[in-house]
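# Summary of the model geometry
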Amino acid sequence: MILVLLGPPGAGKGTQCKRIIEKYELVHLSSGDLLRSQRAAGTELGKKAQEYMDSGQLVPDRVIIDMMAGAIASAGGNCVLDGFPRTVVQAQELDKELTGKGQKIDAVVNLVVDDAVVEGRMTGRRSCPACGAVYHIDTLKPKAEGFCDKCPKQELVQRPDDKPEVVKQRLVTYHQQTSAVVGYYSKSGQKVLDINADGPIDDITAEIFAKLDSLAAAG
Ligand code: AP5
Ligand code: MG
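Right, let's walk through the structure included here. Note that the coordinates shown come from a computational prediction; the quantities given were computed from them, not determined experimentally.

The rules behind these values
- Residues numbered from 1 in each chain as written.
- Chains lettered and ligands numbered in written order.
- Predicted model: local features only at pLDDT ≥ 70, side-chain atom pairs only at ≥ 80, totals over all residues.
- Heavy atoms only, no water.
- Near = heavy atom within 4 Å.
- Polar contact = N/O pair within 3.5 Å; in protein donor to acceptor, adjacent residues only side chain to side chain.
- Areas by Shrake-Rupley, 256 points an atom, 1.4 Å probe, with all protein chains shown as cover.
- Buried < 20%, exposed > 50% of the residue type's maximum accessible area, 1.4 Å probe, protein only.
- Helix = DSSP H or I, 4+ residues; strand = E, 2+ residues; numbered from the N terminus.
- Arc of directions from axis to C-beta.
- Contact = heavy atoms within 4.5 Å.
- 1 Å grid on protein atoms, 1.4 Å probe; cavity = no way out; pocket = protein on both sides within 12 Å on 5 of 7 lines; lining within 4 Å.
- Points joined across faces, edges and corners; volume = space filled by probe spheres on them.
- Nonpolar A, V, L, I, M, F, W, Y, C, P; charged D, E, K, R; others polar.
- Pairing = 2+ DSSP bridges.
- Axes fitted to C-alpha atoms, helices over the stretch in contact; angles between N-to-C directions.

Lining the immediate surroundings of ligand 1 are 34 residues, of which Thr15, Gln57, Arg86, Arg125 and Arg170 lie closest. Residue Gly14 places a main-chain N or O atom 2.9 Å away from an oxygen atom belonging to ligand 1. Between an oxygen atom of ligand 1 and a side-chain N or O atom of Arg170, the distance comes to 2.6 Å. For ligand 1, the accessible surface in isolation is 1,000 Å², of which the surrounding protein chains cover 96%.

The subject of this paragraph is helix 3 (residues 44-54). Along helix 3, the positions that sit buried rather than exposed are Gly46, Ala49 and Met53. Around the axis of helix 3, the buried residues are gathered within 70° of arc, so they sit on the same side. Exposed side of helix 3, more than 90 degrees from the buried face: Glu44, Lys47, Lys48 and Glu51 are the residues found there. At its buried positions, helix 3 is contacted by helix 2 (31-40) and helix 7 (164-178). A positive backbone phi angle near 80° is found at Gly56, which sits one or two residues after helix 3.

With that out of the way, let us pick up the layout of surface pockets. By volume, the second largest pocket amounts to about 300 Å³. What lines the second largest pocket is simply Gly14, Thr15, Lys18, Arg19, Ala133, Val134, Tyr135, Leu140, Lys141, Asp149, Lys150 and Ile201. Elements with a minimum of two residues in the lining of the second largest pocket: helix 1 (13-24) and strand 6 (134-136). The biggest single contributor to the lining of the second largest pocket is helix 1, with four residues. Split into classes, the residues belonging to the lining of the second largest pocket amount to five nonpolar, two polar and five charged.

All right, on to the sheet that holds strand 3 (residues 79-82) then. On the basis of which strands lie adjacent, the open sheet formed by five strands has the order 2-3-1-4-7 and parallel pairing. If you trace the sheet from one side to the other, it starts and ends with strand 2 (27-30) and strand 7 (192-196), each paired once. Within this sheet the neighbouring strands show an average axis-to-axis angle of 20°, counted without direction. Both strand 2 and strand 3 contribute to a ladder of four bridges, which runs parallel. Each bridged residue has a counterpart across the sheet, and for Val27 the counterpart in strand 3 is Cys79. Here helix 1 sits on the sheet in contact with strand 1 (2-6), strand 2, strand 3 and strand 4 (107-112), set at roughly 160° to strand 1. On the sheet, helix 8 (residues 180-187) packs against strand 1, strand 4 and strand 7 and is oriented at approximately 140° with respect to strand 1.

None of the figures reported here should be taken as evidence of function without further support.
Here it is as structure tokens:
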């Protein structure tokens, strides 16, 4: 099964993906996480991506498409795509790539939430640099303030692109370049499952599971 999870920055894509992969036994492929690993490893790709990411711009399509095509192939066609595709060009290239391999997207899940809500989520987000676990200073606190629950003595950090001014630019980038991807999928006849992503994390998960299960039951 191949799922695409769309939504603005801070919509909760990563948070919901962690739950989706457990229930449906999928590999989580987050383009942002893959880019951050490349940066941490100091690769050429990571160096190329850094400036774009830290200023809230998109990394060039070709770089992303090549990186994600490799990751999807490694996942053997059983994955949830988080943060990709993020432009219509990326969506078209993904379609070509999958068609060439006799694969297809099974569902597109679209997290719908206002900018004002996601701004607060991003500026309050803290992550563990060791295991990638994500917390929030108000809504998802770790047991010991500032430290990861799973990695003892590991201090949580703020992502460089979660500074308020970069968050604002990421939202502008989303509305200018990424929101059109939803329309692309609707027009191409792909089933798009709109989810109200303004509410408790568990309620959002329940709505995603219910819609995916009824889509599967409908065949
Ligand atoms: P990426 O890492 O993909 O960032 P993003 O899309 O901006 O999304 P986020 O990871 O910030 O948010 P999320 O939706 O995963 O929310 P989360 O679950 O963490 O991309 C980063 C950069 O990489 C881009 O700006 C770009 O430069 C580059 N890039 C990546 N992909 C690319 C592509 N395809 N093309 C070109 N460039 C690309 O939740 C956020 C916070 O809210 C957390 O603290 C969480 O605990 C909290 N939270 C979650 N849900 C709720 C809830 N329901 N209620 C309250 N709090 C909640
Ligand atoms: Mg994320």
